[in-house]
Structures are given as structure tokens and as C-alpha cells.
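Structural overview for review
Residues per chain, in single letters:
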Amino acid sequence: MHHTAFSTIRHAGAIACALLVAGGALAQNYPDRPVRLVVPYAAGAAADQLARGVGERLTQSLGRTVIVDNRAGAGGTLGADNVAKSPADGYSILLGTDATHATNIYLSKKFPYDPVRSFTPIAPAAINHIVLLVHPSLPVKDVAELIKYAKANPKKLSFGSSGAGSAHHLAGELLNEKAGIDMVHVPYKGGSPAMTDLIGNSIPVLFASLATARPYIDSGKVRALAVVEDKRFHGLPNLPTIGETVPGYAIASWFGFFGPANLPPAITAKLNVEINKALATPALRETLERTGMSATGGKPEDLSALLKSELAQREKLVKAAGIEPE
């Protein structure tokens, strides 16, 4: 009896060792064929630019082609679900976002995957900066003046976003909540039509991606008041954060690399190292900065921690905004 138990333990230990060795060997030979990097949005979007920049560098460092596979639809959910249901062998990875992993689950009654359990976090990638903009005719020069104006004119001030439940929309709802104001949300089908209406003064306030807004800020067609993240964007160092005026205010539109659940640790580690190297390249950092993004990078644990806090924040904001899941 005792002898059998002992040999069972020894046997289990041998299996565990064999698995570890196999996992290590797998990572040593990985990749031995092209790797698919799924972008859950259309070509040309910010996510696509980031994926192509990282993909090119991974192709060089891994010695295998990294193919960017655009699978747009359902606000990013289709592409993310495709990777969640792919084999956990490192040949399908996802560039996930705050939408695919933190918000969409609260916008849909039937959701195809679990943002935490269906994936293996590989590395945080970048922040896609969001700016608070006003039409130049609105008599406010900073966040404090906007709040004062909104309080003096309750429900008279409307803010636009790229769509209901988008990070831009939730940034506005968070400002309503933290500053105790009541701006009315106007959803658009994307950032460009919203920007057109701000420039035409059909809406006075807009939360928009810096990538969309930058040319109009530079030409003076719109006035930028602040960024929504917790730190200033080094590409526009004089633009304050909303949090500098409204304590506790911070929200971000972010990107991170994920594999399917149960990705072997050795493959996760290898991809993490190479992705971080790619994100540290000065040329890529400059390209991202020009398009209003900041490369972040980091450990898988950093992405896990971000995911946890983001899910909690988004759930609260979606409820506060009164968005009913469809």
C-alpha cells in the first residue's frame, strides 16, 4: 500500500518533469511556422497600426512570418472569440483592447467568452490617448471652467462620443459622476462623424481619440482641454490630465497581447520578451506617438492586474450610464 502510494507519487513527479521538458522543448522550437496575430478591428484602425508595427519586428526576431489577421465585427468581440477558441500553441495571438476585455461583456446579454478565463495575458502593449475637446465658441478654457459652465447650465451641455459604451462615452460618464455634472451623451457611429459635428458646432463637447483630433487641435478648429488618462501624454506635455482638476478621475483606452487560455508558460515568456523588445524600439515608439499612442509593455502579471481593475471600473460606468445589455 505504502509502496504503491510512493511509486504513484514518483510516477506523477516523472510525468510533471516530462511535461516541463516537453513545454521547454516546445518553446525552444517555437515558432516553427507562421504566427497569426489577430486584430479584432478593420485595417487602418489604431489597433491595426500597432499590430503591424509589432508584427514586423516579431517577424525579424522570431524568424517566422507574423501575419496580421483583421477580423472586425461586434465591436471587437468576433476577433477575440476567434483566438479564445484557437489551439493554445502560440500560433494564434490577439491584440485585445479595453473593449474586447473590459467593456463588451457588460453590453451584451449573450457573450461568447470569459475575458479572464478564456485567455492567457502575454503583455500590455499601448495606450490610445483620449482627449476632451470643446468647440472654440464655448466660453471655457480648461476643465474647471467646463465644470463650472456645466453646473450653471444643467442638461444643456451635450458631449459626443464614437458610440454608446465606447471608452470615449465612458470617459464622459466618469466626468459626470466625479465632477457632479450632467452633460447629455450623444452617440455617433465612429469618431470621424462626431469630429465633423464638433467642428461644425452641432455639439459643444467631444471625447475623441487623439489620433483623430490631432490635426484639428493643431489647426485651432477645436480646443483641447485635457487627456483622460492618469498621466500626461509626452507628445503633448502641456495638456493637463482631467485628474489634475478632478481628483480620482482616470480612464484609459488600452491594448494588450493575449493568447488562448492555457498557453504554455515557456511560450508566453518568449512572446513577452520579444513583444517588449519590439515596443521598446525608438522608431516604433515615435510612430505610435505621432498617432496619439504611447507604448507601455510590461509583464503578463501587469496585464492581469489591469484587466481586473478595468472590469470593475467598466461594470460600474456602464451601469451608471444606464446602458442596457443587448
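Just above, that's the structure.
Report on the accompanying structure. Values in this document were obtained by computation on a predicted structure and should not be read as measured data.

**A look at the overall build of the protein chain**
Each helix and strand in the protein chain was counted, giving 11 helices and 11 strands. Residues classed as buried in the protein chain amount to 50% of the 326 residues present. Put simply, of all contacts in the protein chain between residues at least 6 apart along the chain, 78% involve residues at least 24 apart. As presented, the protein chain carries roughly 15,000 Å² of accessible surface, and 58% of it is formed by carbon and sulfur atoms.

**Structural notes on the packing of helix α7 (residues 191–199) against helix α8 (residues 210–218)**
Running from N to C, α7 and α8 cross one another at 25°; their axes reach a closest spacing of 10 Å. Overall, the two elements α7 and α8 adopt an arrangement that is roughly parallel. Of the two possible hands of crossing, α7 and α8 adopt the one that is right-handed. Between α7, through Gly191, Met195 and Ile199, and α8, the contact on the second element is made entirely by Thr212, Ala213 and Tyr216. Of the residues belonging to the contact of α7 with α8, the class tally is 4 nonpolar, 2 polar and no charged.

**A short note on the sheet that holds strand β4 (residues 119–128)**
Strand order in this open sheet of 6 strands is β2-β1-β3-β10-β4-β11, and the pairing throughout is mixed. Strand pairing shows two members of the sheet lacking a second neighbour, β2 (66–70) and β11 (293–295), which therefore form its edges. On average, each strand axis in the sheet is inclined to that of its neighbour by 30°, with strand direction left out of account. By the bridge criterion, 3 bridges tie strand β1 (residues 35–39) to strand β3 (residues 92–97) in an arrangement that is parallel. Bridge assignment links Arg36 to a residue of β3, and that residue is Ser92. Lying over the sheet, helix α2 (residues 46–62) contacts β1, β2, β3, β4, β10 (254–260) and β11, oriented at roughly 160° with respect to β2. Sheet strands touched by helix α11 (residues 300–320): β4 and β10. Its angle to β10, the strand with the most contacts, is close to 115°.

**Some remarks on the sheet that holds strand β8 (residues 205–209)**
Through backbone hydrogen bonds, the strands of a sheet pair up, either in parallel or in antiparallel fashion. Spatially, 5 strands are ordered β7-β6-β8-β5-β9 in an open sheet, and the strand pairing comes out mixed. At either margin of the open sheet sits one strand with a lone partner, and together these are β7 (184–187) and β9 (223–227). Going across the sheet, the axis of each strand differs from the next one's by a mean of 30°, ignoring polarity. Across 4 bridges, strand β6 (residues 158–161) lies against β7 in parallel orientation.

**Some words on the pattern of salt bridges**
Tallied over the entire structure, the rule returns 15 salt bridges. Residue Lys277 is joined to Glu274 by a salt bridge in which the shortest nitrogen-to-oxygen separation is 3.4 Å. Taken together, the residues span about one helical turn, with Lys277 and Glu274 both in helix α9 (residues 265–279) at a distance of 3 residues. The exposed category is assigned to Lys277, whose relative accessible area is 51%. Relative accessible area serves as the criterion here: at 12%, Glu274 is assigned to the buried category.

**Topic: the packing of helix α6 (residues 167–179) against α11**
Running from amino to carboxyl end, α6 crosses α11 at an angle of 75°, the nearest separation of the two axes being 10 Å. Taken together, α6 and α11 sit at an angle that is classed as roughly perpendicular. Residue-level inspection shows Ala167, Leu170, Glu173, Leu174 and Glu177 of α6 in contact with α11, the latter providing Gln313, Arg314, Lys316, Leu317 and Val318. The class makeup of the residues in the contact of α6 with α11 is 5 nonpolar, 1 polar and 4 charged.

**Side note on the environment of Leu174**
Among the structural elements, Leu174 can be located in helix α6. Looking at Leu174, the relative accessible area reads 4%, which means it is buried. Each C-alpha atom, one on Leu174 and one on Ile251, is 8.1 Å from the other, the two residues being 77 residues apart in sequence. Ignoring anything within four residues of it in the chain, the contact list for Leu174 reads Tyr249, Ala250, Ile251, Gln313 and Leu317.

**A closer look at the nonpolar core**
Counting 33 residues, the largest nonpolar core has Leu50, Val54, Leu95, Phe255, Leu271 and Ile275 as its most contacted members. The element that contributes the greatest number of residues to this core is α2, accounting for 7 residues. Judged by nonpolar contacts, the second largest core, of 31 residues, contains Leu175, Ala179, Ile181 and Phe207.

So, how was this worked out
Sequence order as written defines residue numbering, which begins from 1 separately in each chain. Residues qualify for local features only when their pLDDT is at least 70, as the model is predicted, and side-chain atom pairs are given and counted only at 80 or more; totals for whole chains, interfaces and linings, by contrast, use all residues. To get the side-chain values, take all heavy atoms of the structure and skip hydrogens and water. We count a stretch as a helix when DSSP gives it H or I for four or more residues in a row; a strand needs E for two or more, and each element gets its number in order from the N terminus. Here the term buried applies to any residue with accessible area under 20% of the maximum for its type, exposed to any over 50%, and partly exposed to those in between, with areas from a 1.4 Å probe on protein chains only. Contacts are assigned to residue pairs with any non-hydrogen atoms lying within 4.5 Å of each other. Surface accessibility in these figures is a Shrake-Rupley result with a 1.4 Å probe; residues are shielded only by whichever protein chains are displayed. Think of each axis as a best-fit line through the C-alpha atoms, taken over the contacting stretch in the case of a helix, with angles from 0 to 180 degrees between the N-to-C directions. Any angle between 65 and 115 degrees counts as roughly perpendicular, while under 35 counts as roughly parallel, over 145 as roughly antiparallel, and the rest as oblique. Handedness of a crossing is defined here by the sense of rotation of the near helix relative to the far one, left-handed for an anticlockwise turn of less than a right angle and right-handed for a clockwise turn. Amino acids are sorted into nonpolar (Ala, Val, Leu, Ile, Met, Phe, Trp, Tyr, Cys and Pro), charged (Asp, Glu, Lys and Arg) and polar (every other residue, Gly among them). Here, a strand pair is defined by DSSP locating no fewer than two bridges between the strands. Salt bridge, as applied in this entry: a Lys or Arg side-chain nitrogen positioned within 4 Å of an Asp or Glu carboxyl oxygen. Nonpolar core, defined: a set of buried Ala, Val, Leu, Ile, Met, Phe, Trp, Tyr and Cys residues in which side-chain atoms within 4.5 Å join the residues together.

None of the figures reported here should be taken as evidence of function without further support.
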